[in-house]
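So you can see what is in the structure, the chains are spelled out below.
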Amino acid sequence: MPEYPDVIPMIAYQDGPKAMDWLADAFGFKERARMTTKDGRLSHGEMETGTGLIMLATPSPDYEGPKQHREHCEQAAKWSSVPYIVDGVLVYVPDATAHYERARRAGARILSELEESQDGKRYRVEDLEGHRWMFLERG
């Protein structure tokens, strides 16, 4: 049994297999496990980045990701109008500039450009289904 960190974000995607491929391409995450049903739905997926881990799955057909939900929900559109990470994930990366360029090239929606603070260099981004991420290079 592989080691698991003490905290693991679990994120739902309307198309789990597509999300895993996209997260690998855009964010450089490494696939650790992929379990699919006979019809191709992702029942369980794991992706690593550094010492971190996220788990993914495809929920019921009634599920809507954040991007789709805000298309018809005025309140969701309002809280998504800011670049901040609301119900998102913070990931430390060794090179925020290179990571930003990779995500931008893959079509990620950039929420805030690279910025420096006492905490380090960071940017905020949405993935293909509208989940929000902050990537931070320690200062």
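The coordinates are above.
This structure is a prediction, so every number in the text was calculated from the model and none was measured.

A.B. asks: Any details on helix H4 (residues 96–105)? Residues and values, ideally.
C.D. replies: The periodicity of an α-helix, 3.6 residues per turn, causes residues three or four places apart in sequence to face the same way. Of the positions making up H4, those classed as buried are Ala96, His99, Tyr100 and Ala103. One side of H4 holds all its buried residues, which, seen down the axis, span an arc of 100°. Those residues of H4 that are buried are in contact with helix H1 (16–27), strand E6 (109–117), strand E7 (120–126) and strand E8 (132–138). Taking the backbone nitrogen of Thr97 as reference, a side-chain oxygen 3.1 Å away marks Asp95 as the first, capping residue of H4.

A.B. asks: Before we move on, could you go through the pairing of strand E4 (residues 52–57) and cite the residues and values that matter?
C.D. replies: The sheet contact formed by strand E1 (residues 10–12) and E4 spans three bridges and is parallel. Residue pairing for E4: Met10 is matched across the bridge by Met55. Summarising the sheet, strand E3 (residues 42–49) and E4 pair through five bridges and their orientation is antiparallel. Across the sheet, residue Glu48 finds its bridge partner in E4, namely Leu53. In sequence, E3 turns back onto E4 through a hairpin of two residues, with Gly50 there showing a positive phi of about 55°.

Cut-off values and rules
- Sequence order as written defines the numbering, with residues in each chain counted from 1.
- It should be noted that, the model being predicted, local features are given only for residues of pLDDT at least 70 and side-chain atom pairs only at 80 or more, the latter also being counted only at that level, while totals for whole chains, interfaces and linings use all residues.
- Hydrogens are left out, water is left out, and the side-chain values use all remaining heavy atoms of the structure.
- Residue burial is assigned from relative accessible area. The probe radius is 1.4 Å, only protein chains are included, and a residue is buried under 20% of its type maximum, exposed over 50%, and partly exposed in between.
- By the criteria applied, helices consist of DSSP H or I runs no shorter than four residues and strands consist of E runs no shorter than two, each listed in order from the N terminus.
- This arc is taken over the directions from the axis of the helix to the C-beta atoms.
- Note on contacts: a residue pair qualifies if any of its non-hydrogen atoms lie within 4.5 Å across the two residues.
- For the purposes of these results, a polar contact is taken to be a pair of N or O atoms within 3.5 Å, where, inside protein, one atom must be able to donate a hydrogen and its partner to accept one; residues adjacent in sequence count only when each atom of the pair is a side-chain atom.
- One bridge is not enough; two strands pair if DSSP finds at least two bridges between them.

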